[in-house]
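Letter by letter, the chains look like this.
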Amino acid sequence: MCAQKTVLITGGNGGIGYATAAALAASPAYHVIIGSRSLEKGKTALAKLSSKGSVSLVQLDVTDATSIAAAVATVEKDRGRLDTLINNAGVGPTSPSLSVELLRNTFETNVFGVAAVTDAFLPLLRKSLDPRLIHVTSPLGSSTLRASGAPLPPFHTYEISKAALNMLALIHRDLFKGEIKVITLDPGFNATNLGGDPEAMRRGGGGDPAKAGEFIKSVVEGKRDADSNKMINEGGSIPW
Ligand SMILES: NC(=O)c1ccc[n+]([C@@H]2O[C@H](COP(=O)([O-])OP(=O)(O)OC[C@H]3O[C@@H](n4cnc5c(N)ncnc54)[C@H](OP(=O)(O)O)[C@@H]3O)[C@@H](O)[C@H]2O)c1
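Quick notes on the rules
Residues numbered from 1 in each chain as written. Predicted model: local features only at pLDDT ≥ 70, side-chain atom pairs only at ≥ 80, totals over all residues. Heavy atoms only, no water. UniProt positions renumbered as here; feature names shortened; annotations may be inferred. Helix = DSSP H or I, 4+ residues; strand = E, 2+ residues; numbered from the N terminus. Contact = heavy atoms within 4.5 Å. Core = buried A, V, L, I, M, F, W, Y, C linked by side-chain atoms within 4.5 Å. Buried < 20%, exposed > 50% of the residue type's maximum accessible area, 1.4 Å probe, protein only. Pairing = 2+ DSSP bridges.

- In the annotation of an unreviewed UniProt entry, the entry for the protein reads Short-chain dehydrogenase reductase tropE, and the organism field reads Hyphodiscus hymeniophilus.
- According to UniProt, the comment filed for the protein under the heading Sequence similarities (unreviewed entry) is "Belongs to the short-chain dehydrogenases/reductases (SDR) family."

## Side note on the environment of Arg 37
For step 1, the next point in the chain: Topologically, Arg 37 is positioned in the loop between strand S2 (30-36) and helix H2 (39-49).
For step 2, the next point in the chain: Counting along the chain gives 125 residues from Arg 37 to Lys 162, while the straight-line C-alpha distance between them is 21 Å.
For step 3, the next point in the chain: When residues no more than four places from it in sequence are discounted, the contact partners of Arg 37 are Gln 59, Leu 60 and Asp 61.

## Let's talk about the nonpolar core
For step 1, the next point in the chain: Counting 24 residues, the largest nonpolar core has Leu 24, Val 32, Ile 86, Leu 185 and Val 220 as the members making the most contacts within it.
For step 2, the next point in the chain: Secondary structure elements with two or more residues in this core: strand S1 (5-9), helix H1 (15-25), S2, H2, strand S5 (132-136), strand S6 (181-185) and helix H8 (209-220).
For step 3, the next point in the chain: The next biggest cluster of nonpolar side chains, apart from the first, holds 21 residues, and it includes Leu 85, Leu 124, Leu 133 and Phe 176.

## Focus: the pairing of S6
For step 1, the next point in the chain: Of all five residues in S6, four are buried, a share of seventy percent or more.
For step 2, the next point in the chain: Looking at chain direction, S5 and S6 are connected through five bridges and run parallel. Directly across from Val 136, in S6, lies its bridge partner Leu 185.
For step 3, the next point in the chain: In terms of strand pairing, S6 meets strand S7 (residues 231-233) through two bridges, oriented parallel. Considered in S7, the bridge of Thr 184 is made with Met 231.

Okay, structure coming up:
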């Protein structure tokens, strides 16, 4: 079996996903697959990283069953197995609206997309000797924080979707116990395209995603395996 571990990052063309790809590519221990729904954006990311390490690209729209199936076939053909799947792709928060349409759209990526991609890649994860499944969530999905009355920004569809993702992650943890390590993490507040305006996020205190990338790399390395019962962040954990 190839010693180099294969890591697939959904939404790996930008923001935290790209930063994670860059951090992992710097280590010869990993082959990084950038999952990108836009081939154009994916090729730009690949061009920036290919001189830095072992990196490839796969088209992957987490809301599209055909795209997911094709990505599984490509990874199987090229790598034979998957050691770590990072469910990073996400949308919102862009509006305080609680419309059913926005809720449904947000769930398509943040919840159903994670469920579908995980399900599809399970056979390849099961071929790994040390498989890891990493879910990227947010403190805005913490039911405990909302119940406590803590002041929270009003991005309700995003909050609901990440709360649902947290439960999905816990169920994955239980279903795959003894087989696949499941880690749920908050990458911290980072200036990215997530809210549609990285500059505004930076002004609001959003950090450099490179730091989040290093944190997620440490999780891929197994440094937080003992914390699979928690929603972890860089400094500790957040209540569910
Ligand atoms: N930034 C923060 O402060 C923060 C805090 C807590 C949690 N998070 C979480 O971190 C993750 C990454 O977010 P980010 O901040 O890096 O945001 P970002 O810069 O907007 O990146 C999101 C990534 O997800 C991709 N994506 C969206 N919908 C997709 C789909 N249907 N299929 C495949 N890829 C899709 C985007 O692709 P396109 O380029 O094609 O849009 C992009 O690559 C998200 O799960 C987010 O909820 C972020």
